[in-house]
Amino acid sequence: VLTMYQSGGQQKVLCLNAANGKTTWDTPISPEYENDQGNGSRATPTIDGDSVYVYGGEGMLAALALADGKIRWQHDVPKELGVKPAEYGMACSPLVVGDLVVVQVGGPGATAVAYDKASGKLLWKSGSDSAGYSSPIVAKLGGREQVVVFSGKSAMGLAPKDGRQLWRYPYT
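Figured I'd write up the structure that's included with this text. Just so you know, these numbers come straight off a predicted model, no measurement behind them.

Focus on the environment of E32
Here is step 1 of the chain: Position of E32 among the secondary structure elements: in the loop between β3 (23–31) and β4 (46–48).
Here is step 2 of the chain: A relative accessible area of 36% means that E32 is categorised as partly exposed.
Here is step 3 of the chain: In sequence terms E32 and Q6 are 26 residues apart; their C-alpha atoms lie 6.2 Å from each other.

A look at the side chain of K12
Here is step 1 of the chain: Note that K12 resides in strand β2 (residues 10–16).
Here is step 2 of the chain: Notably, K12 is buried but unbridged: the nearest opposite-charge side chain belongs to D26, and the N-O separation is 4.6 Å.
Here is step 3 of the chain: Beyond its immediate stretch of four places on either side in the chain, K12 contacts T3, M4, Y5, S7, D26, T27, P28 and I29.

Observations concerning the packing of aromatic side chains
Here is step 1 of the chain: For the structure shown, the criterion picks out four aromatic pairs.
Here is step 2 of the chain: Between W73 and Y115 the ring centres are 6.1 Å apart and the planes differ by 25 degrees, which places this aromatic pair in the stacked class. Of the two residues, W73 sits in strand β7 (residues 71–76) while Y115 sits in strand β10 (residues 112–116), which places them 42 residues apart along the sequence. Y115 shares its class with W73; the two are buried.
Here is step 3 of the chain: The interplanar angle of 80 degrees and the centroid separation of 5.4 Å between the aromatic rings of Y88 and Y133 together place this pair among those described as edge-to-face. With Y88 in the loop between α1 (77–81) and β8 (95–97) and Y133 in the loop between β11 (122–126) and β12 (137–141), this residue pair connects regions lying 45 residues apart in the sequence.
Here is step 4 of the chain: On the basis of relative accessible area, Y88 is assigned to the partly exposed category, the value being 30%.
Here is step 5 of the chain: An aromatic cluster is defined as three or more aromatic residues linked by ring pairs; in this entry it consists of Y53, W73 and Y115.
Here is step 6 of the chain: Positioned above the aromatic ring of Y88 is the side chain of R42, whose terminal nitrogen or guanidinium carbon lies 4.3 Å from the ring centre.

Comments concerning a nonpolar patch on the surface
Here is step 1 of the chain: Nonpolar side chains collect at one region of the surface, where L141, W167 and Y169 lie side by side and expose about 320 Å² of accessible area between them.
Here is step 2 of the chain: On the secondary structure map, Y169 appears in strand β15 (residues 165–170).
Here is step 3 of the chain: Residue classification places Y169 among the exposed residues on the basis of a relative accessible area of 58%.

A word on the sheet that holds strand β1 (residues 2–7)
Here is step 1 of the chain: Ordered in space as β1-β2-β3, the three strands form an open sheet in which the pairing is antiparallel. Bordering the open sheet on either side are β1 and β3, each of which pairs with just one other strand. This sheet shows a mean twist of 25 degrees between the axes of neighbouring strands, independent of strand direction.
Here is step 2 of the chain: Relative to β2, β1 is paired through six bridges, and the arrangement is antiparallel.

What counts and how
Residues numbered from 1 in each chain as written. Predicted model: local features only at pLDDT ≥ 70, side-chain atom pairs only at ≥ 80, totals over all residues. Heavy atoms only, no water. Helix = DSSP H or I, 4+ residues; strand = E, 2+ residues; numbered from the N terminus. Buried < 20%, exposed > 50% of the residue type's maximum accessible area, 1.4 Å probe, protein only. Lys, Arg positive; Asp, Glu negative; His and termini not counted. Salt bridge = Lys/Arg side-chain N within 4 Å of Asp/Glu carboxyl O. Contact = heavy atoms within 4.5 Å. Phe/Tyr/Trp six-rings, centres within 6.5 Å; stacked < 30°, edge-to-face > 60°. Lys NZ or Arg CZ within 6 Å of the ring centre and 35° of its normal. Patch = residues over 30% accessible without salt bridge, like charges linked within 9 Å, V, L, I, M, F, W, Y side chains within 5 Å. Areas by Shrake-Rupley, 256 points an atom, 1.4 Å probe, with all protein chains shown as cover. Pairing = 2+ DSSP bridges. Axes fitted to C-alpha atoms, helices over the stretch in contact; angles between N-to-C directions.

And the structure:
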C-alpha cells in the first residue's frame, strides 16, 4: 500500500505491508509543501512494474524503486520549466502510458509534459493552458490512443508519442 504524507518538514512516500500494516519503507522526496488551501501532496502515487511515480504539491516529480523506495530520478518540474505551481498546488497523479510518465504543469508551452519513465529525460511539452486539478488519462477516441488532459482552460487530446495536440475544447 502506497501513499504520500507530510511530516518533519518533508513530503514523503510511504509503503506499507498490506497484510500487517507495517512500514516497508518511507522516503522523503521534497521539502514540505504549505499552501493557504491546505498543506502537503494532492496526488496519489502511480505504480508501474517495479517503479513508483509521485508528484508532490510543489511539483517535484520522482521515480522510486517499489522494492525499497530508493529514488531513481526526480525533477522539480515547475522550476525547471520556469512556471509557477498551480494556485492550489500540483494536483494530478502521474499517468504512465507506454514508456512515458505524463503530468500537468500549466503555463506557456507546458500544460502537460512527458518524461521517459526509465531515465527521467524530458521528452515533450504541450499546450499553454494553466494546470487543472485532475489527472490525465489515456483513452482511445476516434480509433486513436491519446492522452486526455482536463486543464484549467480546456479539455484536450494529445498524441502520446510527441505531445502533438490532436484536439482542444476550450471552456470558461
